[in-house]
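# Tertiary structure, described
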Amino acid sequence: MTKLQDQLNRWMTGTDELPALRDKDWYLSNLLGAVFVVMAILQIISFNGFKEALRGIGLTSSPAVWAVLLIIVELWAMLGFFKIRLNPLARRLSGLFAVLVSGFWFIQTMKLVSEGAAGQLPGSGFFGKYLQQSPGWWTVVEASLLLFTVVYVLSLSDSKNK
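### Re the pattern of salt bridges
Taken as a whole and assessed by the stated rule, the structure comprises one salt bridge. Arg55 is paired through a salt bridge with Glu52; the nearest N and O atoms lie 3.5 Å apart. Taken together, the residues span about one helical turn, with Arg55 and Glu52 both in helix α3 (residues 47-56) at a distance of three residues. Taking relative accessible area as the criterion, Glu52 reaches 45% and is therefore assigned partly exposed.

### As for the side chain of Thr139
Relative to the helices and strands, Thr139 is located in helix α6 (residues 137-160). For Thr139, the contacting residues outside a window of four places in its chain are Thr109, Ser124, Phe126, Gln133 and Ser134.

### Quick notes on the packing of α3 against helix α4 (residues 63-79)
One can describe the packing of α3 onto α4 by two numbers: an axis separation of 9 Å at closest approach and a directional angle of 110°. Between α3 and α4, the crossing angle belongs to the class labelled roughly perpendicular. In the crossing of α3 with α4, the sense of the turn from one axis to the other is right-handed. Here Phe47, Phe50, Lys51, Leu54 and Arg55 of α3 lie close against α4, whose contacting residues are Pro63, Ala64, Trp66, Ala67, Val68, Leu70 and Ile71.

### A closer look at a nonpolar patch on the surface
Nonpolar side chains collect at one region of the surface, where Ile41, Ile45, Tyr130 and Leu131 lie side by side and expose about 390 Å² of accessible area between them. Inspection of the secondary structure puts Leu131 in the loop between α5 (88-114) and α6.

### Thoughts on the nonpolar core
Ranked by internal contacts, the top residues of the largest apolar core, which has 28 residues, are Phe36, Phe50, Leu54, Leu70, Phe81, Trp105 and Val150. Contributing elements (two or more residues each) for this core: α2 (23-45), α3, α4, α5 and α6. Top element by residues in this core is α5. It accounts for six residues. The residues contacting Trp105, other than those within four sequence positions of it, are Met39, Gln43, Phe50, Leu54, Ile57, Leu70, Glu74, Ser124, Gly125, Phe126 and Ala143.

### Quick look at the packing of α2 against α4
Taken N-terminus to C-terminus, the directions of α2 and α4 make an angle of 155°; their axes are 8 Å apart at the nearest point. One way to sum up the angle between α2 and α4 is to call them roughly antiparallel. In the packing of α2 onto α4, the handedness of the crossing is left-handed. Residues Gly33, Phe36, Val37, Met39, Ala40, Gln43 and Ile44 of α2 touch α4, and the partners they reach there are Ile71, Glu74, Leu75, Ala77 and Met78.

### Thoughts on the environment of Phe148
Tracing the backbone shows Phe148 in helix α6. Expressed as a C-alpha distance, the spacing of Phe148 and Ser102, which sit 46 residues apart in the sequence, is 8.9 Å.

### Describing unusual backbone geometry
At Ser62, a position not held by glycine, the phi torsion is positive, near 55°. Of note, Ser62 is situated in the loop between α3 and α4.

### Concerning the side chain of Gln108
Structurally, Gln108 can be placed in helix α5. Given the relative accessible area of 10%, Gln108 is considered buried. Sequence-distant contacts of Gln108, that is, excluding residues within four places in its chain, are made with Ile57 and Leu59.

How each quantity is defined
- Residues numbered from 1 in each chain as written.
- Predicted model: local features only at pLDDT ≥ 70, side-chain atom pairs only at ≥ 80, totals over all residues.
- Heavy atoms only, no water.
- Salt bridge = Lys/Arg side-chain N within 4 Å of Asp/Glu carboxyl O.
- Helix = DSSP H or I, 4+ residues; strand = E, 2+ residues; numbered from the N terminus.
- Buried < 20%, exposed > 50% of the residue type's maximum accessible area, 1.4 Å probe, protein only.
- Contact = heavy atoms within 4.5 Å.
- Axes fitted to C-alpha atoms, helices over the stretch in contact; angles between N-to-C directions.
- Parallel < 35°, antiparallel > 145°, perpendicular 65-115°, else oblique.
- Left-handed = near helix turned anticlockwise from the far one by under 90°.
- Patch = residues over 30% accessible without salt bridge, like charges linked within 9 Å, V, L, I, M, F, W, Y side chains within 5 Å.
- Areas by Shrake-Rupley, 256 points an atom, 1.4 Å probe, with all protein chains shown as cover.
- Core = buried A, V, L, I, M, F, W, Y, C linked by side-chain atoms within 4.5 Å.

All we've got here are geometric facts, nothing functional implied.
As structure tokens, then:
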């Protein structure tokens, strides 16, 4: 139990150093942060359309709550991908939220394609009602690439800080 308490203390009171990434890794990290920002902003601008897109992909119970949660998680996730000084706990949560939200979009897209909804829905909801893409194999590739890149950048960040 003391190991866990020590780790939590380090995360909460530790230094707010940036991950030790090379410049090209920071470019990739910043690109991920920008993707999360664009997703969240377009979802906020078209909030009603985003709620309807979520309802269309099967989140029929409280799509407004789902929409708000996804936007908050995307905004928090983006914090860890920019050169912003965060305490270690906030940076860890940012990484966790990035994996959760990109995993959410991956699972939802795979579910829609496997259920045969490819081409039947007007949009998958990645970017609210803007940049609408009907769920299909192309959106599966996009969601997979997002998830893989998030995990890759987070693994670079963890391996360089040990």
